[in-house]
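Structural overview for review
Listed below, chain by chain, are the residues.
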Amino acid sequence: MTGHSHDNIDWDEHLQRLRDGDELNAPEIAELVAKLLCPTDRNVIEIGAGAGGTAAAFAAELADSGGELTVVDTAPQLLAAAEARVKQVSDRVEVHAVQADAADDSLAEAIAKAGAPAQADVVFAAFVVHHLPDQLAGVRRLANLVRPGGRLAIVEFGLETKVLPPDVGLAEPGLEARLTAARQDWFRQMRAEMAGTVRMPMGWGKALSEAGLADVRSWSYLVDRPAPVSGVALQAVLRRLQFLRRDAENRVGPEDLAALDELLDESGEHYAGTRDDVYYLTANTVHLGTRPAS
């Protein structure tokens, strides 16, 4: 098994970016994990553990009581990084690292073969399910990992990330909105071209209900880093612009592409990295459902 996902991304190559993202989002993730865990929870499965930031937050919450944390990923370097990160947090939390694919029906078997509990009090998957060819089947697969009375939490994008002021002084005002539309078109095309893709014509909350979960609810949280930004927040702004540039090719006009290139030109006067008006603002949405006890 390689580190490639179904949308042909080699996630092992993104280890440092994911670490930076963990640092950027650390306060919000710690608050979310504390909200998701109940005092009696002792077992967590995280699907798509990335660089281990969220797993570390779960381990910190479980540190006093002890418990088991299973981290699952397709990318071996990410999996090793997540396992190491958890072990740095607490030696009272037993960690199981499982290289497995959430799109494969053998997921539960792979977890059991690794010596981890087959079901957990909390199953957590952030920004994972939208990478799967059949998203609804993926939600059902994850729901089967939840013990009766336990919860499945899926985090997906709530609102598009914003990093630029309405008028950057290049091209026509509204540059970021046009670039965002291009990225949405890229995502649509990526999903359409994914092998074995199946449409899911419903919202995430309804998908959890369709998977047999009850008491489904959703809420959003902001990641808000106002201008001027520095450090990991500034790096996140630059990465966002780089992603927009990649996805904008052949989807926006030459003036917009030229403007974005100027924002990414480290030697230019409009370089986003030296501007004091860029910021980082996004909203992520948590969808939570409970597996009925009987």
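Residues numbered from 1 in each chain as written. Predicted model: local features only at pLDDT ≥ 70, side-chain atom pairs only at ≥ 80, totals over all residues. Heavy atoms only, no water.

Comments concerning unusual backbone geometry
Keep this limit in mind: Only runs of H or I of at least four residues qualify as helices and only runs of E of at least two qualify as strands under DSSP, and these elements are numbered from the N terminus.
The amide bond that connects A227 to the next residue, P228, takes the cis arrangement and shows omega of -5°. Note that P228 resides in the loop between β6 (214-225) and α8 (231-248). The phi angle at A171 is positive, at roughly 55°, despite the residue not being glycine. Topologically, A171 is positioned in the loop between β5 (146-162) and α6 (175-193). For N250, which is not glycine, the phi dihedral falls at a positive 65°.

Considerations on the packing of aromatic side chains
Under the convention used in this document: Within 6.5 Å between ring centres, the rings of Phe, Tyr and Trp (the latter by its six-membered ring) count as paired, and their orientation is classed by plane angle as stacked under 30 degrees, edge-to-face over 60, tilted in between. Only protein chains enter the accessibility calculation, which uses a 1.4 Å probe; a residue is then buried when its area is under 20% of its type maximum, exposed when over 50%, and partly exposed in between. Two conditions define a charge sitting above a ring: the NZ of Lys or the CZ of Arg must be within 6 Å of the ring centre, and it must be within 35 degrees of the ring normal.
Across all of its chains, the model carries two aromatic pairs by this definition. Relative to F124, the ring of F58 has its centre 5.5 Å away and its plane inclined at 70°; by these criteria the two rings are edge-to-face. One end of the pair, F58, is in helix α2 (residues 53-62); the other, F124, is in strand β4 (residues 120-126), and 66 residues separate them in sequence. Residue F58 is classed as buried on the basis of its relative accessible area of 0%. Residue F124 is classed as buried on the basis of its relative accessible area of 1%. Its guanidinium or amino end placed over the ring of W219, K35 lies 4.3 Å from that ring's centre, counting from NZ or CZ. One cation-aromatic arrangement involves R246 over W186; the distance from NZ or CZ to the ring centre is 4.6 Å.

With respect to helix α3 (residues 76-89)
Put simply, the test is: How far a helix is expected to stretch is found by multiplying one less than its residue total by 1.5 Å. It is the directions from the helix axis to the C-beta atoms that the arc portrays.
If you check α3, its first and last C-alpha atoms are 20 Å apart, about what 14 residues at 1.5 Å a residue would give, namely 20 Å. By the burial criterion, the buried members of α3 are L78, L79, A81, A82 and V86. Axial view of α3: buried residues confined to an arc of 165°, hence all on one face. Opposite the packed face of α3, turned more than 90 degrees from it, sit the exposed residues K87 and Q88.

Quick look at the side chain of Q135
For clarity, the threshold we go by: Whether two residues are in contact is decided by their heavy atoms: any pair within 4.5 Å suffices.
Along the chain, Q135 turns up in helix α5 (residues 135-143). Those residues in contact with Q135 that lie beyond four places of it in its chain are V129, H130, R191, V198, M200 and W204.

Focus: the side chain of E156
Where we set the bar: In this count, Lys and Arg are taken as positive residues and Asp and Glu as negative ones, while His and the chain termini are left out. In the sections that follow, a salt bridge refers to a side-chain nitrogen of Lys or Arg positioned within 4 Å of a carboxyl oxygen of Asp or Glu. Distance and chemistry together define a polar contact, namely a pair of N or O atoms within 3.5 Å, with one atom able to donate a hydrogen and the other to accept it when in protein, and with adjacent residues in sequence counting only for side-chain atoms on both sides.
Following the sequence through the fold, E156 ends up in strand β5. With no salt bridge to any partner, buried E156 finds its closest opposite charge in R191, at an N-O distance of 8.8 Å. Here V129 takes part through its backbone nitrogen, which lies 3.4 Å from a polar atom of the side chain of E156. Beyond its immediate sequence surroundings of up to four residues, E156 is in contact with F127, V128, V129, H130, W204, N284 and T285.

Some points on the pattern of salt bridges
Where charged atoms from two side chains of opposite charge come close, those side chains can pair. The tally for this structure, following the rule as stated, stands at 18 salt bridges. The closest approach of N and O atoms between E160 and R240, which form a salt bridge, is 3.0 Å. In this pair, E160 sits in strand β5 while R240 sits in helix α8, placing the two residues 80 residues apart along the sequence. Relative accessible area serves as the criterion here: at 34%, E160 is assigned to the partly exposed category. Residue classification places R240 among the buried residues on the basis of a relative accessible area of 10%.

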